[in-house]
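Chain residues, written in single-letter form:
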Amino acid sequence: MKIAVVGAGIVGVTTAYFLVKKGHDVTIIDREQTAAMACSRANGGQMSVCNAETWNTWKNVKKGLGWMFKKDAPLLIRPAPTLAKIKWLAGFLRHTVNGTQLENTQTTVELGLHARDLYERIIQEEELQFDQRKEGLLHVYTNQTSFHEALKMQKFFEENGVEWSPVNAYEVRALDPNLDDFRGLVGGIHTPSDWTGDAHKFSNALLDKLQIKYGVHTIFGAEVNDIHKDSISFKVEAGTFTRSFDRVVLCNGHEMQKMAHDIGDVFNIYPVKGYSITIDDAYYAPGISLLDDDRKIVSSKLGNRFRVAGTAELGGANYDIRRDRIQPLLDWVHKNFPDVDTSNYTAWACLRPMNSNMMPIMYRSRFIDKVYYHGGHGHLGWTLAPATSRLLADTLV
């Protein structure tokens, strides 16, 4: 079949990969000039099955309310009401009341483990280079209570196939000499099978293979206008064009919500903004990837670059990079890694497409049977993309 994949982030590119491997004629359409320029551009870099726990808990609801008026809060809900925000928050609360958080976490872990295996196969078969580091991930804790809460999840994760190794403060520092100055450590959780890599580099390297090796077509700088029962129209510099496809798979992040609304389909995705900084020539940054669970900040060493990402913000669909949201990331580096020079860094923000129950969406439109939706991964797009892409490719008819 002739299939259009709208969106060239990690979700769109892996979707195209598994579709073309099944023998389909695939065209990727994206509004940017190259692949992975939105949520896959400068994310935390973690392929982290250990971070699969969904957020629909009363503990997180309480934290979110407490943080609402704190500018540097890890989760910031801006008080200005909008219909989309109210709808998403209501959906989040409904899923919290339903008590499906542990079940959804288990499903997310299964997807993450499947994705990890698929990544290994893709990387080996396609010989991809993307600053991958296989030193595992390390949850770090500076609060004794939160550390004890994390230890309670050991049985759950181990029973579901995830290594979950508690370490004390001394053992944390022994894992990487650049952790010697980390302030207030009480302990950590080491997950040695997780890894890190540059999602932007991976997506573009895989796209090169798709074009050269598999004959996938690409249309960049194209804004999709409308999807009809027998065609798709889009704008490029030369004008508006219409092309016919047998199937269309929408992988275009939070924009998928508007397209679904225009078609008549209903789901509950919201653009949850995340921030990151990338520090060049960060020789004294830790090589092992960190998840500071108390501050909701993650870090990864990507070549000689140090990527620090964190915060979640519900404030609508804007890409403004606010200094008061970047400052906590810089302060975290200054405090814990004083030898890392932050005078040369770049700041970035993205709009993570997050479903209200924290689960990715993979299903067919109820109104145009040629259209499929694939998105809503939130902060786990890099972790889950191959697994959900493979599932969608297997079920597309």
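Preceding block: the structure.
First, a word on what this report is: a plain description of the structure on this page.

What counts and what doesn't
- Residues numbered from 1 in each chain as written.
- Predicted model: local features only at pLDDT ≥ 70, side-chain atom pairs only at ≥ 80, totals over all residues.
- Heavy atoms only, no water.
- Pairing = 2+ DSSP bridges.
- Helix = DSSP H or I, 4+ residues; strand = E, 2+ residues; numbered from the N terminus.
- Axes fitted to C-alpha atoms, helices over the stretch in contact; angles between N-to-C directions.
- Disulfide = S-S within 2.5 Å.
- Buried < 20%, exposed > 50% of the residue type's maximum accessible area, 1.4 Å probe, protein only.
- Left-handed = near helix turned anticlockwise from the far one by under 90°.
- Contact = heavy atoms within 4.5 Å.
- Nonpolar A, V, L, I, M, F, W, Y, C, P; charged D, E, K, R; others polar.
- Salt bridge = Lys/Arg side-chain N within 4 Å of Asp/Glu carboxyl O.
- Core = buried A, V, L, I, M, F, W, Y, C linked by side-chain atoms within 4.5 Å.

Overview of the sheet that holds strand E10 (residues 223-227)
Paired through backbone hydrogen bonds, the strands of a sheet run either parallel or antiparallel to each other.
Move 1: With respect to topology, three strands assemble into an open sheet ordered E10-E11-E12, the strand pairing being antiparallel. Across the chains shown, the open sheet's two edge strands, defined by having one partner strand only, are E10 and strand E12 (239-243). For this sheet, the mean angle separating the axes of adjacent strands, direction not counted, is 25 degrees.
Move 2: In the sheet, strand E11 (residues 232-236) pairs with E12 via five bridges, with the strands oriented antiparallel. Looking at E12, one finds that Phe234 is bridged to Phe241.

Details of the state of the cysteines
Move 1: A full pass over the atoms with the stated rule returns zero disulfides.
Move 2: Take Cys251: it sits in no disulfide, and the sulfur closest to it among the cysteines is that of Cys39, at 13 Å.
Move 3: Given a relative accessible area of 8%, Cys251 falls into the buried group.

Some remarks on the packing of helix H1 (residues 10-21) against helix H11 (residues 381-395)
Move 1: At a minimum axis distance of 8 Å, the contact between H1 and H11 shows a crossing angle of 35 degrees. Crossing hand, H1 versus H11: right-handed. Contacts from Ile10, Val11, Thr14, Thr15, Phe18 and Leu19 of H1 reach H11 at Gly381, Trp382, Ala385, Pro386, Ser389, Arg390, Leu392 and Ala393.
Move 2: Of the residues that constitute the contact of H1 with H11, the class distribution is nine nonpolar, four polar and one charged.

Topic: the pattern of salt bridges
Move 1: Summed over the entire model, instances satisfying the criterion amount to 19 salt bridges.
Move 2: For Asp194, the salt bridge identified is with Arg116, shortest N-O distance 2.8 Å. Placement of Asp194 in the loop between strand E7 (187-191) and strand E8 (195-196) and of Arg116 in helix H4 (residues 101-126) is noted, with a sequence separation of 78 residues between them. You'll find Asp194 and Arg116 in the same group, each marked buried.
Move 3: The partner of Glu126 in a salt bridge is Lys213, and the shortest N-O contact between them spans 3.1 Å. One end of the pair, Glu126, is in helix H4; the other, Lys213, is in the loop between helix H8 (199-212) and strand E9 (217-220), with 87 residues separating them in the sequence.
Move 4: Each of Asp131, Asp198, Lys201 and Arg305 takes part in salt bridges that share partners, so that together they form one network.

Notes on the sheet that holds strand E2 (residues 25-30)
Move 1: Taken together, six strands build an open sheet; the order of strands is E9-E2-E1-E13-E20-E19 and the sheet is mixed. Strand pairing shows two members of the sheet lacking a second neighbour, E9 and strand E19 (361-364), which therefore form its edges. Neighbour-to-neighbour, the strand axes of this sheet turn through a mean angle of 15 degrees, independent of strand direction.
Move 2: Strand direction decides the pairing type here: strand E13 (residues 247-250) and strand E20 (residues 371-375), joined by three bridges, are parallel. What sits directly across from Val249, in E20, is Tyr372.
Move 3: This element, H11, spans E13, E19 and E20 of the sheet and lies at about 165 degrees to E20.

What about the pairing of strand E5 (residues 137-141)?
Move 1: The buried fraction of E5 is high, at five of five residues.
Move 2: Neither face of E5 is left uncovered, since the one carrying Leu137, His139 and Tyr141 and the one carrying Leu138 and Val140 both have all their residues buried.
Move 3: Sheet topology places E5 next to E7; five bridges connect them, and they run antiparallel. In the sheet register, Leu138 faces E7, and the bridge partner there is His190.
Move 4: For E5 and strand E15 (residues 289-292), the ladder comprises four bridges, and the chain directions are parallel. Counterpart to His139 in the pairing with E15 is Leu291.

Some words on the pairing of strand E17 (residues 305-314)
Move 1: The buried fraction of E17 amounts to ten of the ten residues, a majority that puts the element mostly inside the structure.
Move 2: Pairing geometry for strand E4 (residues 75-77) and E17, over three bridges, is parallel. Pairing of Ile77 across the sheet is with Leu314, part of E17.
Move 3: Pairing of strand E14 (residues 269-279) with E17, which is carried by six bridges, proceeds in the antiparallel orientation. Bridge pairing in E17 links Ser276 to Ala309.
Move 4: Both strand E16 (residues 297-302) and E17 contribute to a ladder of six bridges, which runs antiparallel.

What to know about unusual backbone geometry
Move 1: You will see that Ala36, though not glycine, has its phi angle at about 60 degrees, which is positive.
Move 2: Residue position: Ala36 is located in the loop between E2 and strand E3 (46-47).
Move 3: Looking at Ala36, the relative accessible area reads 2%, which means it is buried.

Some details on the nonpolar core
Move 1: Residues Tyr119, Phe202 and Leu210 are the most contacted members of the largest nonpolar core, which totals 61 residues.
Move 2: Of all the elements, H1 adds the most residues to this core, at eight residues.
Move 3: Those residues in contact with Leu210 that lie beyond four places of it in its chain are Val13, Ala16, Tyr17, Val20, Ile28, Gly215 and Val216.
Move 4: The next biggest cluster of nonpolar side chains, apart from the first, holds 26 residues, and it includes Ile288, Leu290, Ile326 and Leu329.

Limitation: the analysis is restricted to geometry and does not speak to function.
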